[in-house]
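Okay, here's what each chain looks like letter by letter:
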Amino acid sequence: MKRLVLRTGVRWKISIAIAAVGALIALTLSLVVHNAAQGALLDNARDVQLERVRTAERGFEGPKSKNQGFNVKVNDPDLPKELRRLMDEKRRGSYVETRDDGPPEIWAAVPRANGDVLSLHGEFPERSAVILRNLDRALIIGSVSVVAGGCALGVLIGGQLSRRLRKAAAAAANVAEGHTSGRVRDAIGGVVRDETDDLARAIDALTDALNARIEAERRVTADIAHELRTPVTGLLTAAELLPPGRPSELVRDRAQAMRTLVEDVLEVARLDSASERAELQEIALGEFVTRRIAALNPDVPVQVVHESWVNTDPRRLERILLNLLTNAAKYGKPPVEVTVEGRVVRIRDHGPGFPDALLREGPSRFRTGASDRAGTGHGLGLTIAAGQARVLGARLTFRNAAPKGVPASEATGGAIAVLWLPEHAPTAGGSFPLPPPSARGRAKG
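Residues numbered from 1 in each chain as written. Predicted model: local features only at pLDDT ≥ 70, side-chain atom pairs only at ≥ 80, totals over all residues. Heavy atoms only, no water.

A tally of regular secondary structure across the chain gives 11 helices and 11 strands. Out of the 445 residues in the chain, the part that is buried amounts to 34%. Sequence-distant contacts in the chain: of pairs separated by 6 or more residues, those separated by 24 or more amount to 61%. About 26900 Å² of surface is accessible on the chain, with carbon and sulfur atoms providing 57% of the total. (Helix = DSSP H or I, 4+ residues; strand = E, 2+ residues; numbered from the N terminus. Buried < 20%, exposed > 50% of the residue type's maximum accessible area, 1.4 Å probe, protein only. Contact = heavy atoms within 4.5 Å. Areas by Shrake-Rupley, 256 points an atom, 1.4 Å probe, with all protein chains shown as cover.)

Right, here's the structure in full:
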């Protein structure tokens, strides 16, 4: 059974936590203040009633018995049991009798020497009830204000922390995409130092360590390929001098394959070093792709949906087309189709499709993917194509086509490589300036 996962931001978690704590404290203090105020008002009402009974008692002890206008009763049969027990002990006292349908009753009673009991009762004073209601209203308003202020404070504090974390995540994702010169610590900024800065420094240290390791691996790979270049060239020359025959053909074939591998490794090393620069020319993309595909593989049809002028490097563009066609011919199935639409070039085969690892992570050197699209390659063709696309400022994407009636997640209708050429071509410094008006006009046509 799939577990339900609820995702909330740090901002709202902190806001809810502060609001909950504020609400708990406000509720507790409100109950304490309410009970204390209610107890004080009830005690005062009891003292007033008891003083009235004592005043009435003094009136009964005078020459003329009178109840002083307090409606004092003698031996009231409705006297509460608690007061009756005190009267049996010859002690004066007061009592609060709560009622469900109204305010509480305040009782007071005193025993007389002749055995009679003088008692007086009345409702809780309206003035005290109004004071208590006003106090409750003030406590409610104060509690709501505390909770609202806690939410606002939580949003403010959590928002600042959330922004720093989002900036750190975006910077880390940018580094993961290959922009290793970026620094998470610089991205989050801010004056206050907290645990986010510790996280940023740790990520930056990890990035530096990975960059150093990757750079060391690149240098080793490039050095090995460079050192192999001369002996492999000599081996290929020597193989050409062998007498004709099947063994000689095998030797020349393997020597040529080794030379191609060495050249590919050197090209990957140059692309990884980010030292390559495009030599730009303005070309009609549809016409260029049609001529180059016809020269590379005349059996592949090219459909130009919409012609567009682009400013790019023809040599590098041809290299990308060659590698994509070679990959489609080697690992896919015919027919292979090429479509040009504006600045977009699509190459599709009808084979088993790209492996999942390539779709998730992109091309990787010396990894050919699943066995149905592997076997004889070294995983450098698509890596070189992606690297050349970066030099052109283009974007190379990979996906699998889905036959009719098949969900996209189960696509097996062939592999599709899409080259998206930029509207503004990169300069020698790697920037993307605006093209001249003439170029823009032709590009729109």
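Still more ground to cover, so stick around.
Now for the packing of aromatic side chains. Enumeration according to the criterion identifies one aromatic pair in this entry. Here the aromatic rings of Phe 354 and Phe 398 are separated by 5.2 Å at their centres, their planes lie at 80 degrees, and the arrangement is edge-to-face. One end of the pair, Phe 354, is in the loop between strand E9 (344-348) and helix H9 (356-361); the other, Phe 398, is in strand E10 (residues 395-400), with 44 residues separating them in the sequence. The residue whose ring lies beneath Arg 395 is Trp 420, and the NZ or CZ to ring-centre distance is 4.9 Å. (Phe/Tyr/Trp six-rings, centres within 6.5 Å; stacked < 30°, edge-to-face > 60°. Lys NZ or Arg CZ within 6 Å of the ring centre and 35° of its normal.)

Our next topic: the sheet that holds strand E11 (residues 415-420). Two strands in a sheet stick together by hydrogen bonds in their backbones, pointing the same way (parallel) or opposite ways (antiparallel). Here five strands make up an open sheet; going across it, the order is E6-E8-E9-E11-E10 and the pairing mixed. A strand with exactly one partner marks an edge of an open sheet, and here the two such strands are strand E6 (302-306) and E10. Within the sheet, the average angular offset between the axes of one strand and its neighbour, ignoring direction, is 15 degrees. For strand E8 (residues 337-341) and E9, the ladder comprises five bridges, and the chain directions are antiparallel. Among the inter-strand pairings, Thr 339 is bridged to a residue of E9, identified as Arg 346. (Pairing = 2+ DSSP bridges. Axes fitted to C-alpha atoms, helices over the stretch in contact; angles between N-to-C directions.)

For the rest of this paragraph, the subject is the environment of Ser 128. With respect to the helices, strands and loops of the structure, Ser 128 is situated in helix H3 (residues 126-176). Measuring from C-alpha to C-alpha, the distance between Ser 128 and Ala 45 comes to 8.6 Å, with 83 residues separating the pair along the chain.

In this section: the UniProt feature "transmembrane region" (unreviewed entry) in the chain. Within this structure's numbering, the places UniProt gives as "transmembrane region" (unreviewed entry) are residues 12-33 and 138-157. Secondary structure content for residues 138-157 is 100% helix and 0% strand, and the end C-alpha separation is 28 Å. (UniProt positions renumbered as here; feature names shortened; annotations may be inferred.)

In summary, soluble globular proteins display a tendency toward joint burial of nonpolar side chains. Counting 39 residues, the largest nonpolar core has Val 289, Leu 324 and Leu 419 as the members making the most contacts within it. Counting residues per element, the ones that place at least two in this core are helix H6 (246-272), helix H7 (285-296), helix H8 (314-331), E8, E9, helix H10 (381-391), E10 and E11. With residues up to four places along the chain from it excluded, the contact list for Leu 419 reads Leu 317, Ile 320, Arg 343, Val 344, Val 345, Ala 389, Ala 394, Arg 395 and Leu 396. (Core = buried A, V, L, I, M, F, W, Y, C linked by side-chain atoms within 4.5 Å.)

Next up on the list: a nonpolar patch on the surface. On the surface, Val 21, Ile 25 and Leu 29 cluster together into a nonpolar patch covering about 280 Å² of accessible area. For Leu 29, a relative accessible area of 51% puts it in the exposed group. (Patch = residues over 30% accessible without salt bridge, like charges linked within 9 Å, V, L, I, M, F, W, Y side chains within 5 Å. Salt bridge = Lys/Arg side-chain N within 4 Å of Asp/Glu carboxyl O.)

Here we take up the pairing of strand E7 (residues 309-312). Residues of E7 alternate between two faces, with Val 310 and Thr 312 buried on one and Trp 309 and Asn 311 left unburied on the opposite face. Across four bridges, strand E5 (residues 281-284) lies against E7 in antiparallel orientation. Bridge pairing in E7 places Ala 284 opposite Trp 309.

Here the amide bond leading from Pro 334 into Pro 335 is cis, since omega sits at 0 degrees, within 30 degrees of zero. Here Pro 335 shows up in the loop between H8 and E8. For Asn 75, which is not glycine, the phi dihedral falls at a positive 55 degrees. With respect to the helices, strands and loops of the structure, Asn 75 is situated in the loop between strand E1 (73-74) and helix H2 (81-88). With a relative accessible area of 42%, Asn 75 lands in the partly exposed category. Non-glycine residue Lys 90 carries a positive phi angle of around 60 degrees. Its place among the elements puts Lys 90 in the loop between H2 and strand E2 (93-97). Owing to a relative accessible area of 56%, Lys 90 belongs among the exposed residues under this scheme.

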